[in-house]
Amino acid sequence: MRPTTLFAATAALVLAVSAGAQEDGPTVAPGEWQGNYALSRIDPRIRTRAGADLIGMQVIQDRGADTATVSWDARRAICPDPLDEPCEWIGAGGTDTARVIGDTLVLALRLSPDESDPAILVLQRRPTGPRKPARFTGVITNARADWDIRFDAVQR
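Residues numbered from 1 in each chain as written. Predicted model: local features only at pLDDT ≥ 70, side-chain atom pairs only at ≥ 80, totals over all residues. Heavy atoms only, no water.

Student: Just checking my understanding: could you explain the state of the cysteines for this structure?
Tutor: Simply put, disulfide is the name for a covalent bond between the sulfur atoms of two cysteines. Considering all chains together, one arrives at 1 disulfide under this definition. In this model, Cys79 is linked to Cys87 through a disulfide, with the two sulfur atoms separated by 2.3 Å. Residues Cys79 and Cys87 share a disulfide whose torsion about the S-S bond is about -95°; that sign makes it left-handed. (Disulfide = S-S within 2.5 Å.)

The structure is reproduced here in structure tokens:
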């Protein structure tokens, strides 16, 4: 290939890639909460990791934003009594907007058809020191405050 033809082909490729990138719009850096999380229930009656599997969630947040988009799904440990038969909440899920308040993420979970009593998930990031990953803990309770589930979380 002649040098001028090679240059023209390279220029056309660069322009095509640049045009495609401009169509996608400007990129925004991810926020501190962005990532995938596995929540595990803290309950002395649960003896296995699989039994403690509470919620899986993906958080999408722009840097500096006070909200985040959270896609979540409820798992076996979501039932009020983890030793009882599986409940109707297993498999519940959705994509909702969470509020970010400093080191805390707050999300309403639509676990049951009763919209008057949503579950509220509160996930807190606890710094552990320089060069160490943060520790995540939290609680899920309902609006009527007649039950709660404590949990730990890991970011994957």
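Student: How should I be thinking about the sheet that holds strand 2 (residues 53-60) in this particular structure?
Tutor: Hydrogen bonds along the backbone pair up the strands of a sheet, which may run parallel or antiparallel. Strand order in the closed barrel made by the 8 strands is 1-2-3-4-5-6-7-8, with antiparallel pairing throughout. Direction aside, the axes of adjacent strands within the sheet are offset by 30° on average. In this structure, strand 2 lies alongside strand 3 (residues 67-74), joined through 6 bridges in antiparallel fashion. Residue pairing across strands places Ile60 opposite Thr69, the latter belonging to strand 3. (Pairing = 2+ DSSP bridges. Helix = DSSP H or I, 4+ residues; strand = E, 2+ residues; numbered from the N terminus. Axes fitted to C-alpha atoms, helices over the stretch in contact; angles between N-to-C directions.)

Student: Where do I start with the layout of surface pockets in this structure?
Tutor: One simple way to see leftover space: roll a probe sized like a water molecule over the atoms. A volume near 320 Å³ is recorded for the largest pocket. Lining the largest pocket are 16 residues, with Ala38, Ser40, Ala153, Val154 and Arg156 sitting closest to its centre. Secondary-structure elements contributing two or more residues to the lining of the largest pocket are strand 1 (35-41), strand 7 (135-142) and strand 8 (148-155). Residues of the lining of the largest pocket, tallied by class, amount to 7 nonpolar, 2 polar and 7 charged. As a volume, the second largest pocket reaches approximately 160 Å³. In terms of residue class, the lining of the second largest pocket is built from 6 nonpolar, 2 polar and 4 charged. (1 Å grid on protein atoms, 1.4 Å probe; cavity = no way out; pocket = protein on both sides within 12 Å on 5 of 7 lines; lining within 4 Å. Points joined across faces, edges and corners; volume = space filled by probe spheres on them. Nonpolar A, V, L, I, M, F, W, Y, C, P; charged D, E, K, R; others polar.)

Student: Help me understand the packing of aromatic side chains in this model?
Tutor: Aromatic ring pairs: the centre-centre distance and the angle between the two ring planes describe each pair. In this structure the tally under the stated criterion is 4 aromatic pairs. For the pair Tyr37 and Phe136, a centre-to-centre distance of 5.4 Å together with 85° between the ring planes defines the contact as edge-to-face. Of this pair, Tyr37 sits in strand 1 while Phe136 sits in strand 7, and the two are 99 residues apart along the sequence. Here Tyr37 and Phe136 have matching classes, each one buried. Within the aromatic cluster, the residues linked to one another by ring pairs are Trp33, Tyr37 and Phe136. (Phe/Tyr/Trp six-rings, centres within 6.5 Å; stacked < 30°, edge-to-face > 60°. Buried < 20%, exposed > 50% of the residue type's maximum accessible area, 1.4 Å probe, protein only.)

Student: Just checking my understanding: could you explain the side chain of Asp43 for this structure?
Tutor: Mapped onto the elements, Asp43 comes out in the loop between strand 1 and strand 2. Overall, the relative accessible area of 12% leaves Asp43 in the buried class. Polar side-chain contacts of Asp43 include one of 2.7 Å to the side chain of Arg45. (Polar contact = N/O pair within 3.5 Å; in protein donor to acceptor, adjacent residues only side chain to side chain.)

Student: What is the right way to read the pattern of salt bridges from this model?
Tutor: Where charged atoms of side chains with opposite charge meet at close range, the side chains can pair. In this structure the tally under the stated criterion is 11 salt bridges. We note a salt bridge from Arg75 to Asp73, for which the minimum N-O separation is 2.9 Å. With relative accessibility at 30%, the residue Asp73 sits in the partly exposed group. (Salt bridge = Lys/Arg side-chain N within 4 Å of Asp/Glu carboxyl O.)

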